[in-house]
Amino acid sequence: MSLAHEAPVAVGRATKAQRPTRTWPEINNPAAWAVAAILLVMPLIASGFFLIEIFATTLILGTMALSLMFLAGYGGMVSLMQLTIAGFSAYMVAVFGVSGNANISLGWPWWLAVPMALALATAFGTLGGALAVRTEGIYTIMITLAIGAAFYYFTNQNWAIFNGHTGINNVATPRFWGVNWRADIPFYYVVLAVAALCYFAVEYVSRAPFGLALQGVRDNPRRMAALGFNVNAHRVAAYAFASFVAALAGVLQVWNYRQISPGSVSVGACIDVLIIAVVGGITRPIGPYIGALIFVLLRTFALDFLVRLGLDGNRFRLLIGLGFLAIVFWSSDGVIGLWQRWRQYQRREVSRSGGGRHHG
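Residues numbered from 1 in each chain as written. Predicted model: local features only at pLDDT ≥ 70, side-chain atom pairs only at ≥ 80, totals over all residues. Heavy atoms only, no water.

Here we take up the packing of aromatic side chains. Per the stated rule, a full pass over the model turns up 20 aromatic pairs. Taken together, a centroid distance of 6.5 Å and an interplanar angle of 65° make the contact between tyrosine 199 and tyrosine 289 edge-to-face. You can see tyrosine 199 sitting in helix α7 (residues 184-207) and its partner tyrosine 289 sitting in helix α12 (residues 286-308), a full 90 residues away along the chain. Taken together through their ring pairs, the aromatic side chains of Phe88, Tyr91, Phe124, Phe151, Phe154 and Phe162 make up a single cluster. The ring centre of phenylalanine 187 lies 4.6 Å from the NZ or CZ of arginine 182, which sits over that ring. (Phe/Tyr/Trp six-rings, centres within 6.5 Å; stacked < 30°, edge-to-face > 60°. Helix = DSSP H or I, 4+ residues; strand = E, 2+ residues; numbered from the N terminus. Lys NZ or Arg CZ within 6 Å of the ring centre and 35° of its normal.)

Dropping the structure here:
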């Protein structure tokens, strides 16, 4: 069954020639080109610690949050199970691939284990989405959180497949063409490539007919249904796409740490992904990566900062929480919203000063 009926399809074809050409906003943005250049040459200027623990981790968490941003920003659906989908994908890589737990892992090569993990994780997220789309608002948040909590407790108590609270360790990483792709520099470029593909895929889908229809469903589902669009089908398809993005991040996550355990899919970690997306900005795809960078920097360095102040280093989450409250209080669109407000203020000041000189 198609996502739209024949009537809107005919209207879309009739108005196709009248639609303005959709362009990529980053093409004419010098700042975007500068950031891209810095990311490409990062291995030349950063140590192994910063390359993996800061920048690669930022890109992985940002990609997870990107899947949430796509659902919330374009579909109006706040899902707290995106980390759960990534964790499910990571577990499947460990179960089907090679690891230190030979009695659990099936020993498939990575090029078979990874597609299987992506397919199963996408199906898992799509089924969860099919349940979630039957609810709205706070109920969507609660049902996706319930799925995440159920998966956490299941992995923590199941020993036959998930090895209980110990998890699965020493997960094998790819080696081909004579390259160890888990070495710092190759792995960084793999993560960067996947993050870039996911970013541009979200940008493209948001401008495609499906993305535009999804935004219409977000704004006025009753009107879209009256126009002939299948509202639930669009929402489930959005969950499927977001699940695939989250599953890719899960594969990178398990390769990064070479292990997966229930702690990686805990309820607190699920909420962290929401915080990352909201802090960065939930209306544009770049927002999750900005939020992930802030989160990783605070998580990495706040502990030492608090210890130097004579405080308990374990309270670093207090700083994250205070920062989250401050940003949400001043801007409903996170750091991106603050940046846009500052630019608008600067433009007004320039206009006023220019107008004053002209008047004089």
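Another aspect to go through is the confidence of the model for the protein. Summary statistics for the protein give a mean pLDDT of 86 and a share of 89% for residues scoring 70 or more. Across residues 1-23 the pLDDT falls below 50, and counting only partners more than four positions away or on other chains, this stretch makes 22 contacts in the model. (pLDDT = per-residue confidence, 0-100. Contact = heavy atoms within 4.5 Å.)

A separate point is the side chain of serine 105. With respect to the helices and strands, serine 105 occurs in the loop between α4 (82-96) and α5 (110-132). There is a polar contact of 2.6 Å between the side chain of serine 105 and the backbone oxygen of alanine 94. Among the polar contacts listed, one links the side chain of serine 105 to the side chain of serine 99, at a separation of 2.5 Å. Ignoring anything within four residues of it in the chain, the contact list for serine 105 reads Ala94, Val95, Gly97, Val98, Ser99 and Ile168. (Polar contact = N/O pair within 3.5 Å; in protein donor to acceptor, adjacent residues only side chain to side chain.)

Here helix α2 (residues 30-45) crosses α7 at 170°, and the two axes come no closer than 10 Å. Here α7 runs roughly antiparallel to α2, going by the angle between their axes. As for how α2 packs across α7, the hand of that crossing is right-handed. Contacts between α2 and α7 involve Leu39, Leu40, Met42 and Pro43 from the first element and Ile185, Tyr188, Tyr189 and Leu192 from the second. (Axes fitted to C-alpha atoms, helices over the stretch in contact; angles between N-to-C directions. Parallel < 35°, antiparallel > 145°, perpendicular 65-115°, else oblique. Left-handed = near helix turned anticlockwise from the far one by under 90°.)

For the rest of this paragraph, the subject is the pattern of salt bridges. Any two side chains of opposite charge can pair if their charged atoms end up close together. Scanning the model with the defined rule gives 3 salt bridges in all. In this structure, aspartate 184 and arginine 182 form a salt bridge, with 4.0 Å as the shortest nitrogen-oxygen distance. Aspartate 184 sits in the partly exposed class, given a relative accessible area of 35%. Judged by its relative accessible area of 8%, arginine 182 falls in the buried class. Across the pair glutamate 203 and arginine 207 runs a salt bridge whose closest N-O atoms are separated by 2.3 Å. Taken together, the residues span about one helical turn, with glutamate 203 and arginine 207 both in helix α7 at a distance of 4 residues. Residue classification places glutamate 203 among the buried positions, given a relative accessible area of 4%. (Salt bridge = Lys/Arg side-chain N within 4 Å of Asp/Glu carboxyl O. Buried < 20%, exposed > 50% of the residue type's maximum accessible area, 1.4 Å probe, protein only.)

This part covers the side chain of threonine 173. Structurally, the position occupied by threonine 173 is in the loop between α6 (138-157) and β1 (175-176). Overall, the relative accessible area of 16% leaves threonine 173 in the buried class. With sequence-adjacent residues up to four places away left out, threonine 173 is seen in contact with Asn180, Arg182, Trp255 and Arg258.

A contiguous nonpolar surface patch, about 690 Å² in accessible area, is contributed by Ile38, Leu40, Val41, Leu44, Ile45, Ile185 and Tyr189. Going through the elements one at a time, α2 and α7 are the ones with two or more residues in the nonpolar patch. In terms of residues, the nonpolar patch owes the most to one element, α2, which gives 5 residues. For isoleucine 38, the location among the structural elements is in helix α2. Residue class for isoleucine 38 comes out partly exposed when judged on its relative accessible area of 44%. (Patch = residues over 30% accessible without salt bridge, like charges linked within 9 Å, V, L, I, M, F, W, Y side chains within 5 Å. Areas by Shrake-Rupley, 256 points an atom, 1.4 Å probe, with all protein chains shown as cover.)

Glancing now at the nonpolar core. Formed by 86 residues in total, the largest nonpolar core has its most connected members in Phe70, Met92, Ile168 and Trp255. With 16 residues, helix α3 (residues 48-75) is the largest single contributor of residues to this core. Not counting the four nearest positions on each side in its chain, methionine 92 is found in contact with Gly97, Ala117, Leu120 and Phe162. Core analysis: the second largest hydrophobic core is formed by 5 residues, Ala213, Val217, Phe229 and Val231 among them. (Core = buried A, V, L, I, M, F, W, Y, C linked by side-chain atoms within 4.5 Å.)

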